[in-house]
Amino acid sequence: MSAIAGIYYLDGQPVERTNLERMVESLAHRGSDASGIWSEGSIGLAHRMLWTTPESLQEQLPLKNYTSDLVITADARIDNRDELIAALGLTNRPAEIADSQLILASYEKWGDRCPEKLLGDFAFAIWDQRQQKLFCARDPMGVKPFYYYRSNRVFVLASEIKALLCLAEVPRQLNEVRVAYHLALLFEDQEITFYKDILRLPPAHSITVGSQQQLRLYWSLDPLREVRLHSDQEYAQAFQEIFTEAVRCRLRSAFPVGSTLSGGLDSSSIASTARKLLLESGTQHLHTFSAIFPNLPKEDLRWIDERRYINAVLAEGGFESHSVHADCLSPLIELLWQDDEAVPAPNLYMHQALYSAAQQQGVRIFLDGLDGDSTVSHGWGYLTELTYTGRWHTLFAELRAIARRYKLPRRRLLWKYSITPLLVEAARRSQLWRGTQNACSKTLNPTFAQRIKLAERTQTLLSDRSTPTCTARQEHWRNLTSGLHAYGLELTDKGAAKFSLEARYPFYDQRLIEFCLALPPEQKLHQGWTRLILRRAMTDILPPEVQWRVHKANLGPNFKRRLLEYERETLERVINKPQIIEPFVDVQALSAAYEHYASQPLQSNQDAIAVFAAVTLALWLDQVRLIS
């Protein structure tokens, strides 16, 4: 976890060092160990350093190359270090080579194509004096954030929006389209922000700024690639090797390492694999951090209490465990709202508490099982594929097995996973598709939605994802390429940065994602077992009761109860005096949603989320007071 910032005046105006100093100071929470500024004429780069890896202890950024015609600032962890060191001929004391040096050397060798050669999480900017251009890139999944503003005379970049706003040239104007997307829970636009002229560099993109600006996609998932092995055992072994490496490279640290441990399949797989690797290296035990809910009513505990599974993992030994009582927390946290963005993430409050606990233990690296569901896939798309291809015998065998394991009626499974997806796809192809209706659409002010042409924008966003979803792999591809991933990573990045942590996500490893997408569908769903490849790969690593569990915790009851218990006064203040959001929200619909939620909190998930999205928007707008 570090911070980058930069200013490039396209009209030749010299950069004022005081501007870079203000930007760096606004990002101090991202790096308390060192800071650096470099400027020359119309270009300036800056950095805040949080030591994490052994190499970072001696790293100084911004960094020049030997001929001083290239300068880099980077927030990066590069995982294919050995491969790059060999390819670049950097054999002299490789253990001392910082990740930023590898990126800079890669640019010297491969130029604008260097991001294609890098594995890991990164956001960086390189000033190329010879070509008079600024080259920037962001990692394939968007783990590291990158925000920028560009006008005819200046290009400004930073790890967080607040740093951009340190410059008078950057306007503070509200982007109403992003407001609509917030209320409608639409995340597919991976560039816009709540600020009209501030953009995100999309994942897997580079941007070149000079006499012309070029935005280029340098990597994408191949939905046609297939992996074909000879047996289930070979598949499981291949997955285990890739997954273990994804965990191993994220353990590179000069400080204690922590991990979430919810008791679910994803976090347990990461924690158990990391514990095994750390014990083999003899370096340290793994700190684990678990959210527990002991004070909830019994009727809620049966859905949310994971302590049985957490304790089964901890019983294997090699852990230092820590628990957070999440049933004593308010979901309406203040996640650096000032000068950033409204946050519609109902479970982020638990991550904040876990981050705080990790910081208290001296942890700087925090492993997280975020969205292993999407990477591995439950495999439900296989049922759609079986229906589409008419393989009825296999389809009904799977439906029987799933119904037995999950205790669900076969008719419901058939309709949800076999028939409905095909009806939706038919509507798309006949051009009757008009976007998805979701939990919060009903609270939008219809006049506002019409004025900004929300329906047309939604249709355009979703039509860009035009690959049909009649096969399991096509559905898996669509899930993996959703804009929700980058958005969620940006939120957790800010949350971790607040506590001087670097969050790392093994399930977002590029190699693992490519492998899982290319698997045959029966490796993901077979004989009623979802996510089967992961379960098989975790044999002798996970306790069997965790490895073969079929359900996961439902965090909704705690969110809905705690939001009302701790924040009822805040909710009602916004609902009763909604002037600041009245241009964007249907006040009557929002009030009705709140009344239903307040009277039946556990029976109104859609209304709870609609209220939460509107209230977080109102509170944020009240603080930042942007110009519409």
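Residues numbered from 1 in each chain as written. Predicted model: local features only at pLDDT ≥ 70, side-chain atom pairs only at ≥ 80, totals over all residues. Heavy atoms only, no water.

A closer look at the pairing of strand β9 (residues 154-158)
Then step 1. Extensive coverage of β9 is indicated by the burial of five of its five residues.
Then step 2. Every second residue of β9 is oriented toward a common face, with Val154, Val156 and Ala158 on one face and Phe155 and Leu157 on the other, all of them buried.
Then step 3. Note that strand β1 (residues 3-9) and β9 share five bridges and pair antiparallel. Residue pairing for β9: alanine 5 is matched across the bridge by alanine 158.
Then step 4. Connecting the antiparallel pair strand β8 (residues 147-150) and β9 is a turn made up of three residues. (Buried < 20%, exposed > 50% of the residue type's maximum accessible area, 1.4 Å probe, protein only. Helix = DSSP H or I, 4+ residues; strand = E, 2+ residues; numbered from the N terminus. Pairing = 2+ DSSP bridges.)

A closer look at the confidence of the model for the chain
Then step 1. The pLDDT averaged across the chain works out to 92; a share of 95% of its residues lies at or above 70.
Then step 2. Note on residues 431-439: pLDDT under 50 across the span, and 13 contacts to partners over four residues away in sequence or across chains. (pLDDT = per-residue confidence, 0-100. Contact = heavy atoms within 4.5 Å.)

With respect to the packing of aromatic side chains
Then step 1. Throughout the structure, instances matching the rule amount to 18 aromatic pairs.
Then step 2. Pairing tyrosine 148 with phenylalanine 155 gives two aromatic rings, centres 5.3 Å apart and planes at 25°, and the pair type is stacked. Each member of the pair, tyrosine 148 as well as phenylalanine 155, carries the same accessibility label: buried.
Then step 3. Relative to tyrosine 487, the ring of phenylalanine 187 lies with its centre 4.9 Å away and its plane at 35°, an arrangement referred to as tilted. Here tyrosine 487 lies in helix α18 (residues 484-497) and phenylalanine 187 lies in the loop between α5 (176-184) and β10 (198-200), a separation of 300 residues in the sequence. Side by side, phenylalanine 187 and tyrosine 487 carry an identical accessibility label, which is buried.
Then step 4. Each member of the aromatic cluster is reached from another via a ring pair, and the members are Tyr107, Phe122, Phe124 and Phe135.
Then step 5. We note arginine 549 situated over the ring of tyrosine 309; from NZ or CZ to the ring centre the distance is 3.8 Å. (Phe/Tyr/Trp six-rings, centres within 6.5 Å; stacked < 30°, edge-to-face > 60°. Lys NZ or Arg CZ within 6 Å of the ring centre and 35° of its normal.)

Re the pattern of salt bridges
Then step 1. Within the structure shown, the criterion is met by 46 salt bridges.
Then step 2. The shortest N-O distance in the salt bridge between arginine 252 and aspartate 99 comes to 3.0 Å. With arginine 252 in the loop between α6 (232-248) and β13 (257-260) and aspartate 99 in helix α3 (residues 99-110), this residue pair connects regions lying 153 residues apart in the sequence. No difference in accessibility class separates arginine 252 from aspartate 99, as the two residues are buried.
Then step 3. In this structure, a network of salt bridges that share partners links the residues Arg30, Asp75, Lys144, Glu160, Lys162, Asp340, Asp493, Lys494, Glu502 and Arg504. (Salt bridge = Lys/Arg side-chain N within 4 Å of Asp/Glu carboxyl O.)

Looking at the environment of glutamate 169
Then step 1. In this fold, glutamate 169 is placed in the loop between α4 (161-164) and α5.
Then step 2. In this structure, the C-alpha to C-alpha distance between glutamate 169 and arginine 200, residues 31 residues apart in sequence, is 18 Å.
Then step 3. Excluding anything up to four places from it in sequence, glutamate 169 contacts Tyr9, Gln13, Tyr149, Arg153 and Val154.
Then step 4. A distance of 2.6 Å separates a polar atom in the side chain of glutamate 169 from a polar atom in the side chain of tyrosine 9. (Polar contact = N/O pair within 3.5 Å; in protein donor to acceptor, adjacent residues only side chain to side chain.)

Brief notes about empty space enclosed by the protein
Then step 1. Tallied over the entire structure, the rule returns eight cavities of 30 Å³ or more.
Then step 2. The computed volume of the largest cavity comes to approximately 150 Å³.
Then step 3. Ser2, Thr52, Ser56, Glu59 and Ala76 are, among the 19 residues lining the largest cavity, the residues nearest its centre.
Then step 4. Those elements giving two or more residues to the lining of the largest cavity turn out to be β3 (43-49), β5 (70-78), α3 and β17 (502-504).
Then step 5. Looking at the lining of the largest cavity element by element, the count peaks at four residues for β5.
Then step 6. Counted by class, the lining of the largest cavity contains seven nonpolar, six polar and six charged residues.
Then step 7. Approximately 90 Å³ is the volume found for the second largest cavity.
Then step 8. Taken together, 13 residues line the second largest cavity, and the ones lying closest to its centre are Gly120, Asp121, Tyr508, Asp509 and Gln510. (1 Å grid on protein atoms, 1.4 Å probe; cavity = no way out; pocket = protein on both sides within 12 Å on 5 of 7 lines; lining within 4 Å. Points joined across faces, edges and corners; volume = space filled by probe spheres on them. Nonpolar A, V, L, I, M, F, W, Y, C, P; charged D, E, K, R; others polar.)

Here's the deal with α6
Then step 1. The terminal C-alpha atoms of α6, which comprises 17 residues, lie 24 Å apart, in line with the 24 Å expected from a rise of 1.5 Å per residue.
Then step 2. Residues of α6 that are buried: Tyr235, Ala236, Ala238, Phe239, Phe243, Thr244, Ala246 and Val247.
Then step 3. Residues of α6 that are buried make contact with α7 (265-281), α11 (372-376), α19 (510-517) and α20 (532-537). (Expected span 1.5 Å × (residues − 1).)

Here's the deal with the sheet that holds β3
Then step 1. The sheet built from six strands is open, its strands ordered β2-β3-β1-β9-β8-β10 with antiparallel pairing. Looking at the sheet topology across the chains shown, the edges are occupied by β2 (34-40) and β10. Direction aside, the axes of adjacent strands within the sheet are offset by 15° on average.
Then step 2. Relative to β9, β8 runs antiparallel, the two being bridged by four bridges. The residue of β9 that forms the bridge with tyrosine 149 is valine 156. (Axes fitted to C-alpha atoms, helices over the stretch in contact; angles between N-to-C directions.)

Focus: unusual backbone geometry
Then step 1. With an omega dihedral of -5°, the bond running from leucine 61 to proline 62 counts as a cis peptide bond.
Then step 2. In this model, serine 68 sits at a positive phi of 60°, which is unusual for a non-glycine residue.
Then step 3. Within the secondary structure layout, serine 68 lies in the loop between β4 (63-64) and β5.
Then step 4. Phi at serine 377 takes a positive value of approximately 80°, unusual for a residue other than glycine.
Then step 5. Tracing the backbone shows serine 377 in the loop between α11 and α12 (381-388).

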